[in-house]
Amino acid sequence: MKFNTKTIHGGQKPDKAYGAVMPPIYQTSTFAQSTPGGHKGYEYARTHNPTRTALENALASLENGNYGLAFGSGLAAIDAVMKLLKSGDEVISTNDLYGGTYRLFTKIFENYGIKFHFIGMENAANIEAYINENTKLIWTETPTNPMMNIIDIEATVAIAKKHNIMLAVDNTFATPYLQCPLDFGADIVMHSATKYIGGHSDLVMGALIVKDKEIADKLYFIQNASGAICGPMDSFLALRGIKTLHVRMQRHCENGKAIAEYLAAHPNVEKVYWPGFENHPNHDIAKKQMDDFGGMISFVAKGNDYDQAIKIVENLKVFTLAESLGGVESLAGHPASMTHASIPKAAREKTGVVDALIRLSVGIEDVDDLIEDLAQALSI
Ligand code: P1T
């Protein structure tokens, strides 16, 4: 089945009870049993819920995995992955990543004796110097949030396999419309489904997708034991969002390209970060592993000035100044004070997250209106 059909049918079947085409919202915490253990596959809704199962099957299909797991947020999904580890284990992570992920790693899991190495992975060969017998997981975002670095998934898989280390890829920015990390041999794909998967800025959710049964069983155990699941209403909304993922992503990519090119040619813009540019350092890898370049763009205005960056984001009218990304509406953010404020200034500036950086999540509005909005905000 092709991707554009999978979003609508992949892993999805009419509901068993009455043939409902969309799965009913099973708004229940528990399921009747005829005798202890005598049930129809569902006993307690933390463990399983039919609406969540429908979503998890759809997610597995989209990412070419065998197993999908949905959580109450992206961070809850990452938290579950970290619980595969134990004290003394080490993780190598991209040094450019969502600030909340960095906070979870450094403020929670470091306290449990897990050691993190945050490194530039744009050259996959860099990873090897940090591997030792305690290394259990490589964590990567690609494209990274917010610097839009591209990590070569295939080359990273080769290193991970050579040393028998798990590789998890946060696929939030790309979505399976653009790349399927499991196809390259990654072990775990993670999503903040809050973003493009949901697509309408109306839910908070996380997802994990894997091929391997042993990893899946461990994650299902953690999902049930720790309990950070999403509810049936949000599962339904995410399924509804998935139905249009391919058409939304096509427009996000078209609008993203037009805006990246507009910004790059603008006299008041100093630098634009978007993997579709031929002079992006890993453009060739992006071309190899992605089908297009997505709708996320970061840029710095001329002068590299904090006050000016704040003025620009405050003056946008069609773009909304807000955290998050991946919804139908365009958003603008100021990573240093918003999404990446939990990364110490020195660490974030090393990766390019300067105080003047602006991040755009380009929505699916008419691109002329978006460009007009940027034009007026940049002229101030
Ligand atoms: O917000 P939540 O659903 O818990 O997902 C966390 C997360 C994980 N990974 C990536 C790449 C993310 O971008 C996020 C959340 N990011 C934002 C809220 C943001 O504006 O960047």
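All values reported here derive from a predicted model rather than from experimental measurement.

Caption draft 1: Summary view of the pattern of salt bridges. Tallied over the entire structure, the rule returns 14 salt bridges. A salt bridge links Lys162 to Glu128; the shortest N-O distance between them is 2.6 Å. Of this pair, Lys162 sits in helix α5 (residues 153-162) while Glu128 sits in the loop between β3 (115-119) and β4 (135-141), placing them 34 residues apart in sequence. Here Lys162 falls in the exposed class, since its relative accessible area comes to 60%. Among the residues examined, Glu128 registers a relative accessible area of 28% and is labelled partly exposed. Here Glu154 ties to Lys288 by a salt bridge, and the two come within 3.4 Å at their closest N and O atoms. Of this pair, Glu154 sits in helix α5 while Lys288 sits in helix α10 (residues 283-289), placing them 134 residues apart in sequence. The partly exposed category is assigned to Glu154, whose relative accessible area is 41%. One connected set of salt bridges, linked through shared partners, spans Lys345, Arg348, Glu349 and Asp355.

Caption draft 2: Seen up close, the side chain of Thr156. Note that Thr156 resides in helix α5. You can call Thr156 buried: its relative accessible area is 0%. Excluding residues within four positions of it along the chain, Thr156 makes contact with Ala124, Ile127, Ile138, Ile151 and Leu167.

Caption draft 3: Layout of the confidence of the model for the chain. Of the residues in the chain, 100% reach a pLDDT of 70 or more, and the chain-wide mean stands at 97. Per-element confidence in the chain ranges from a low mean pLDDT of 94 for helix α12 (residues 345-350) to a high of 99 for strand β7 (residues 206-210).

Caption draft 4: Quick peek at the environment of Lys345. Tracing the backbone shows Lys345 in helix α12. Taking C-alpha positions, Lys345 is 8.8 Å from Asp355, a pair spaced 10 residues apart along the chain.

Caption draft 5: Region of interest: the sheet that holds strand β9 (residues 296-301). Taken in spatial order, the 5 strands line up as β8-β9-β12-β11-β10 in an open sheet, and their pairing is mixed. Each edge of the open sheet carries a strand with a single partner, namely β8 (269-273) and β10 (320-321). The sheet contact formed by β8 and β9 spans 4 bridges and is antiparallel. For Val269, the partnering residue across the bridge sits in β9 and is Ala301. Against the sheet, helix α9 (residues 245-265) engages β8, β9 and β12 (357-361), with an angle of about 10° to β9.

Caption draft 6: Quick peek at the packing of helix α2 (residues 50-62) against helix α8 (residues 232-242). Two elements in contact, α2 and α8, have axes whose closest approach is 8 Å; the angle formed by their N-to-C orientations is 35°. Note on packing geometry: the crossing formed by α2 with α8 is left-handed. For the pair formed by α2 and α8, the contact residues are Thr51, Arg52, Ala54, Leu55, Ala58, Leu59 and Leu62 on the first element and Pro232, Ser235, Phe236, Ala238, Leu239 and Ile242 on the second. Classifying every residue of the contact of α2 with α8 gives 10 nonpolar, 2 polar and 1 charged.

Caption draft 7: Quick look at the domain arrangement of the chain. Along its sequence, the chain is carved into domain 1 (3-242) and domain 2 (245-378). For domain 1 and domain 2, the distance between their C-alpha centres works out to 25 Å. Tallying the contact residues gives 44 residues for domain 1 and 42 residues for domain 2. Overall, the association of domain 1 and domain 2 removes approximately 3500 Å² of surface from exposure, summing both partners, and the carbon and sulfur fraction of that is 62%. Together, Met147, Leu178 and Tyr196 form the three largest contributors to the area buried by domain 1 at its contact with domain 2, with a combined 22%. Our count for the contact surface shared by domain 1 and domain 2 stands at 2 salt bridges. Elements with a minimum of two residues in the side of domain 1 that touches domain 2: α1 (3-9), α4 (99-108), α5, α6 (175-178) and α8.

About the criteria used
Residues numbered from 1 in each chain as written. Predicted model: local features only at pLDDT ≥ 70, side-chain atom pairs only at ≥ 80, totals over all residues. Heavy atoms only, no water. Salt bridge = Lys/Arg side-chain N within 4 Å of Asp/Glu carboxyl O. Helix = DSSP H or I, 4+ residues; strand = E, 2+ residues; numbered from the N terminus. Buried < 20%, exposed > 50% of the residue type's maximum accessible area, 1.4 Å probe, protein only. Contact = heavy atoms within 4.5 Å. pLDDT = per-residue confidence, 0-100. Pairing = 2+ DSSP bridges. Axes fitted to C-alpha atoms, helices over the stretch in contact; angles between N-to-C directions. Left-handed = near helix turned anticlockwise from the far one by under 90°. Nonpolar A, V, L, I, M, F, W, Y, C, P; charged D, E, K, R; others polar. Domains from an automatic or database assignment. Buried area = accessible area lost by both parts, 1.4 Å probe.

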